[in-house]
Amino acid sequence: MEIKVGKIVNVVGLKGEVKVYGDYESFDGLDKVYLDEKEYMIENVRCQKDMVILKLETVDDRNAAETLRNKEVFIHELRDLPKDTFYIRDLVGLDAIDETTGKIFGKVKDVLTNTAQHIYQIQMTGGREALVPGVKEFIKEINVEKGYVKIMPIPGLIDMDFVEVNKDED
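Keep in mind that this is a model prediction, so the values were computed, not measured.

Peer 1: It is not clear to me how the overall build of the protein should be interpreted in this structure. Could you clarify?
Peer 2: Per the secondary structure count, the protein includes three helices and 12 strands. A buried classification covers 39% of the 170 residues belonging to the protein. If you take every contact in the protein between residues at least 6 apart in sequence, the share linking residues at least 24 apart comes to 49%. Entry remark: accessible area of the protein is about 9900 Å², with carbon and sulfur atoms responsible for 47%.

Here you go:
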């Protein structure tokens, strides 16, 4: 199984490092990644201004790194995550529920990770999209098993027609 964890968007310096659009936590502790089905051992991984910087073995100069630009980066095995940490792919499609009323106002469309904090992109039931900061003040509970994310709505941003639901029943 291939799991996309990022995309190489640029090169860094002259020693073969590449800049990856992805979440640093996805790369921390990895030994290898795959580009076009080819395995690359990771020599070093670091974070620079919310971007992942990878140094891959056998990619030792800027010219070699340039050949990797725009390639997607994959892993073949999911790692166990710490408590209260989730893979984005598990969050996409979850119901977005008003934490105080229990009403559905949309679904999680994506989680943007190239910002200071994660941003939950919500596809609203009325067709609009809302961006909700991924901080405790707004993301109150995530329950992948039951299929929802409870959100404290931001006044003026999320005030659409709601669909009634009770997710607390078992």
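Anyway, onward from the coordinates.
Peer 1: When you look at the pairing of strand E9 (residues 119–124) in this model, what are you seeing that I'm missing?
Peer 2: Of all six residues that make up E9, five are buried, and the element is covered over most of its length. Bridge analysis of strand E8 (residues 104–112) against E9 gives six bridges, and the strand direction is antiparallel. Each residue of the ladder has a partner; that of Leu112, found in E9, is Ile119. Two strands pair when backbone bridges link them, and E9 and strand E10 (residues 129–133) are joined in this way by five bridges, in the antiparallel orientation.

Peer 1: Help me understand the nonpolar core in this model?
Peer 2: The tendency in soluble globular proteins is for nonpolar side chains to be buried side by side. Counting 21 residues, the largest nonpolar core has Val20, Phe27, Val33, Leu54, Leu56, Leu68 and Val73 as its most contacted members. For this core, the secondary structure elements donating two or more residues are strand E1 (3–12), strand E2 (17–22), strand E3 (32–35), strand E4 (38–48), strand E5 (51–56) and strand E6 (72–75). A per-element tally of this core places E1 first, with four residues. Judged by nonpolar contacts, the second largest core, of 14 residues, contains Leu94, Val132, Ile139 and Val149.

Peer 1: Please explain the sheet that holds strand E11 (residues 139–143) as it appears in this structure.
Peer 2: Sheets are built from strands that pair by backbone hydrogen bonding, the pairs being arranged parallel or antiparallel. Across the sheet, which stays open at both edges, the six strands sit in the order E10-E9-E8-E7-E12-E11 with mixed pairing between neighbours. Of all the strands in the sheet, the pair left with one neighbour each is E10 and E11. Mean inter-strand twist for the sheet, computed between neighbouring axes without regard to direction, equals 35°. Pairing of E11 with strand E12 (residues 148–151) involves four bridges; the strand directions are antiparallel. Bridge pairing links Ile142 to Val149 in E12.

Peer 1: Whenever I open this one, the side chain of Asn143 confuses me. Can you help?
Peer 2: Position of Asn143 among the secondary structure elements: in strand E11. Of note is the side chain of Asn143, whose polar atom sits 3.2 Å from the backbone nitrogen of Glu145.

Reading the values: the criteria
- Here the residue index of a chain counts from 1 through its sequence in written order.
- Where totals are concerned, whole chains, interfaces and linings use all residues; where local detail is concerned, this predicted model gives features only for residues with pLDDT of at least 70, and gives and counts side-chain atom pairs only at 80 or more.
- Heavy atoms from the whole structure form the basis of all side-chain values; hydrogens and water molecules are not counted.
- Helical segments are the DSSP runs of H or I of at least four residues, strand segments are the runs of E of at least two, and each set is numbered from the N terminus.
- Residue exposure (1.4 Å probe, protein chains only): buried if accessible area is under 20% of the type maximum, exposed if over 50%, otherwise partly exposed.
- What makes two residues a contact is simply this: any of their non-hydrogen atoms within 4.5 Å.
- Here, Shrake-Rupley sampling with a 1.4 Å probe gives the accessible areas, and only protein chains in the shown set may cover a residue.
- The pairing criterion for strands is at least two bridges between them, as found by DSSP.
- By convention a nonpolar core is built from buried Ala, Val, Leu, Ile, Met, Phe, Trp, Tyr and Cys residues, the set being connected through side-chain atoms within 4.5 Å.
- Whenever a helix is involved, its axis is fitted only over the stretch in contact; in every case the axis is a line through C-alpha atoms, and angles between N-to-C directions fall within 0 to 180 degrees.
- Under the rule applied, a polar contact is a pair of N or O atoms within 3.5 Å (in protein, one hydrogen donor and one hydrogen acceptor; residues adjacent in sequence only if both atoms are side-chain atoms).

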